[in-house]
Amino acid sequence: MLVITNFTGHPSLTLRAGFVEVSEARSDWAPDPKHPLPKFSSPRRVPHGVTLIGRLFGEGTLAAAGMALEKAFNVTGERAPGF
């Protein structure tokens, strides 16, 4: 979708939707048996996101929807350590 919106000018917004605990690294690529992904000794809390695509010239509506969703998901005050 990102490629399509870049070419058409439609606004897109990626935002935090919450957090998940993971015990091993993940990848969108096919697994490589010679180089397995690392496992974590204790689970890590990582952000989970969603992307919204808006109507052409609808940035204001998209931003308002994103702010409302972050507030509803209760992630507005969440920050990674060190930020």
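A.B. asks: How should the overall build of the chain be read in this particular structure?
C.D. replies: Assigned secondary structure in the chain consists of 2 helices and 2 strands. Secondary structure of the chain in N-to-C order comes out as α-β-β-α. Against the 2.2 N^0.38 benchmark of 12 Å for 83 residues, the chain shows a C-alpha radius of gyration of 17 Å, more extended than a compact globule. Split into buried and exposed, the 83 residues of the chain put 16% on the buried side. Taking the contacts inside the chain whose residues are at least 6 apart along the sequence as the reference set, 73% of them involve residues at least 24 apart. Just so you have it, the chain exposes about 7,000 Å², and 61% of that area is on carbon and sulfur atoms.

A.B. asks: Explain the packing of aromatic side chains to me, please; I cannot follow it from the model alone.
C.D. replies: The geometry of an aromatic ring pair comes down to the distance between the two centres and the angle between the two planes. For the structure shown, the criterion picks out 0 aromatic pairs. Here the basic side chain of Arg44 rests over the ring of Phe40, its NZ or CZ set 3.9 Å away from the ring centre. One Lys or Arg, Arg45, reaches over the ring of Phe19 and ends 4.1 Å from the middle of that ring.

Each value, and the rule that gives it
- Residues numbered from 1 in each chain as written.
- Predicted model: local features only at pLDDT ≥ 70, side-chain atom pairs only at ≥ 80, totals over all residues.
- Heavy atoms only, no water.
- Helix = DSSP H or I, 4+ residues; strand = E, 2+ residues; numbered from the N terminus.
- Rg over C-alpha atoms; globule rule 2.2 N^0.38 Å.
- Buried < 20%, exposed > 50% of the residue type's maximum accessible area, 1.4 Å probe, protein only.
- Contact = heavy atoms within 4.5 Å.
- Areas by Shrake-Rupley, 256 points an atom, 1.4 Å probe, with all protein chains shown as cover.
- Phe/Tyr/Trp six-rings, centres within 6.5 Å; stacked < 30°, edge-to-face > 60°.
- Lys NZ or Arg CZ within 6 Å of the ring centre and 35° of its normal.

In short, the description is geometric, and any link to function would need to be established separately.
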